[in-house]
Amino acid sequence: MTIKVCVGSSCHLKGSYDVIEAFTEVLKKYDVEDVVELQASFCLGHCAKGVNVACEGVVPAAHGSQVEETPEGFILHNVNAGNVEELFASEIYPKLNLN
């Protein structure tokens with residue numbers, strides 16, 4: 001699975017590098033660094049809803065205002081360093097099928 005954090009202009013101004021750092025820590029905490037590839041990405045096309053995070057290779061666990069399904073997986077909207085772990089635990093981790 002691949003997680004792509006938008007680092008385009010709008011998301012950069014909204015703290016995308018803090019989101020990348022938070023994801024790095026969460027991936028370590030959950031011991032999934034060998035299963036999940038974290039990448040920076042240029043604009044994901046949802047600038048007003050940033051910071052945006054594309055999750056490719058899985059479908060969302062639930063649908064809500066922060067989750068938008070795509071053909072490749074889904075996009076999380078309005079991600080910030082404070083909600084990364086919550087979104088990871090609810091939307092990404094359950095779909096990794098590690099059990």
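Keep in mind that what you see is a predicted model, and the values were worked out from it rather than measured.

Describe the pairing of strand E5 (residues 73-76), listing the residues and the values that go with them.
Direction of pairing for strand E3 (residues 53-56) relative to E5: antiparallel, over a ladder of 4 bridges. Across the sheet, residue Val53 finds its bridge partner in E5, namely Leu76. Bridge count for strand E4 (residues 67-70) against E5 is 4 bridges, and the pairing is antiparallel. Looking at E5, one finds that Val67 is bridged to Leu76. Counted along the chain from E4 to the antiparallel partner E5, the turn is 2 residues long.

A description of helix H2 (residues 16-29) should follow, citing residues and the corresponding values.
Along its 14 residues, H2 runs 20 Å from first to last C-alpha, staying within 8% of the 20 Å computed at 1.5 Å per residue. Within two residues after H2, Asp31 carries a phi angle of roughly 55°, on the positive side.

Please provide a residue-by-residue account of the packing of aromatic side chains, values included.
Summed over the entire model, instances satisfying the criterion amount to 3 aromatic pairs. Relative to Phe88, the ring of Tyr30 has its centre 5.0 Å away and its plane inclined at 65°; by these criteria the two rings are edge-to-face. Residue Tyr30 is located in the loop between H2 and strand E2 (37-41), and its partner Phe88 is located in helix H3 (residues 84-92); the two are separated by 58 residues in the primary sequence. By relative accessible area, which is 0% here, Phe88 ends up buried. Ring centres of Tyr30 and Tyr93 lie 5.1 Å apart, and the angle between their planes is 55°; this geometry places the pair in the tilted category. Of this pair, Tyr30 sits in the loop between H2 and E2 while Tyr93 is found in the segment after H3, placing the two residues 63 residues apart along the sequence. On the accessibility criterion, Tyr93 (30% relative accessible area) is partly exposed. Through a chain of ring-to-ring contacts, three or more aromatic side chains come together here, namely Tyr30, Phe88 and Tyr93.

Calculation rules
Residues numbered from 1 in each chain as written. Predicted model: local features only at pLDDT ≥ 70, side-chain atom pairs only at ≥ 80, totals over all residues. Heavy atoms only, no water. Pairing = 2+ DSSP bridges. Helix = DSSP H or I, 4+ residues; strand = E, 2+ residues; numbered from the N terminus. Expected span 1.5 Å × (residues − 1). Phe/Tyr/Trp six-rings, centres within 6.5 Å; stacked < 30°, edge-to-face > 60°. Buried < 20%, exposed > 50% of the residue type's maximum accessible area, 1.4 Å probe, protein only.

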